[in-house]
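Below, each chain spelled out in residue letters.
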Amino acid sequence: MQTTMAKESEIVRQWHLVDAEGQTLGRLATVVANLLRGKNKPIYTPHVDTGDFVVIINADKIVVTGKKTTDKEYIHHTGWPGGFRKTTFNKLLVARPIKIIEKAVRGMIPHTKLGAAQFRKLKVYAGPEHPHAAQQPQAYDFSSQK
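Report follows, based on the coordinates.

### A word on the overall build of the protein
A count of helices and strands for the protein gives five helices and six strands. In the protein, the order of α-helices and β-strands from amino to carboxyl end is β-α-β-α-β-β-α-α-α-β-β. Dimensions of the protein, computed from the C-alpha atoms along their principal axes, are close to 55 × 35 × 30 Å. In the structure as shown, the protein presents an accessible area of about 9200 Å², 54% of it carried by carbon and sulfur atoms. Between the averaged position of the 22 positive side-chain charges in the protein and that of its 12 negative side-chain charges there is a distance of 8 Å.

Here's what the structure looks like:
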């Protein structure tokens, strides 16, 4: 048997519309990461970007289980001495809900140049409106994952 590799000319990219309202953060992030990487396609090749574009709406209505709303912390450093900052899930959900989903998905794709190219195909919006209607994104059905 011979292994086939995906070529750039063979890749057909689709646009998926994912509604995050009522979805669990981690479960949504794994589905989106697989779509961005192209792992749902039969032509998936690990070293080639075969993934699709994903538009996520209603990022401000994402949910987490348990006590993560108060206990989950997001940490970063400003680069200055004493610049260690941390904030809770609740505060970040109010201030920047897009960052929550982006950080969860970014952690699930490779931290390489290929992963950066795949991550650029992710578009996240806090409300139900998005500017990608011209691309005619197809609504993603989560029931096919179970």
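Past the structure itself, the notes keep going.
### Structural notes on the pairing of strand 4 (residues 84–88)
With five bridges joining them, strand 3 (residues 73–77) and strand 4 adopt antiparallel strand pairing. Opposite E73, over in strand 4, you have T88 as the bridge partner. In sequence, strand 3 turns back onto strand 4 through a hairpin of six residues, with G79 there showing a positive phi of about 100 degrees.

### Comments concerning helix 4 (residues 97–106)
Buried within helix 4 we find P97, I100, I101, A104 and V105. Angularly, the buried residues of helix 4 cover 120 degrees about the axis, an arc narrow enough to put them on a single face. Looking at the packing, one finds that the buried side of helix 4 touches helix 1 (25–37), strand 2 (53–57), strand 3, helix 3 (89–95) and strand 5 (122–124).

Rules of the game
Residue numbering note: each chain is counted from 1, following its sequence as written. Owing to the predicted nature of the model, reporting of local features is limited to residues with pLDDT of at least 70; listing and counting of side-chain atom pairs is limited to 80 or more, with chain, interface and lining totals taken over all residues. Excluded from the side-chain calculation are hydrogens and water; included are all heavy atoms of the structure. Starting at the N terminus, helices and strands are each numbered in turn, a helix being any DSSP run of H or I of at least four residues and a strand any DSSP run of E of at least two. Using the Shrake-Rupley algorithm and a 1.4 Å probe, accessible areas are obtained, with residue cover drawn only from the displayed protein chains. Only four residue types enter the tally: Lys and Arg on the positive side, Asp and Glu on the negative side; His and the chain ends are excluded. Taken as the charge location is NZ of Lys, CZ of Arg, CG of Asp or CD of Glu. Whether two strands pair depends on DSSP finding at least two bridges between them. Under the scheme applied here, a residue whose accessible area is under 20% of the maximum for its type counts as buried, over 50% as exposed, and between as partly exposed, the area being computed with a 1.4 Å probe on protein chains only. The arc in question is traced by the directions running from the helix axis to the C-beta atoms. By the convention used here, residues are in contact when the closest approach between their heavy atoms is within 4.5 Å.

Honestly, it's all geometry; don't read function into it.
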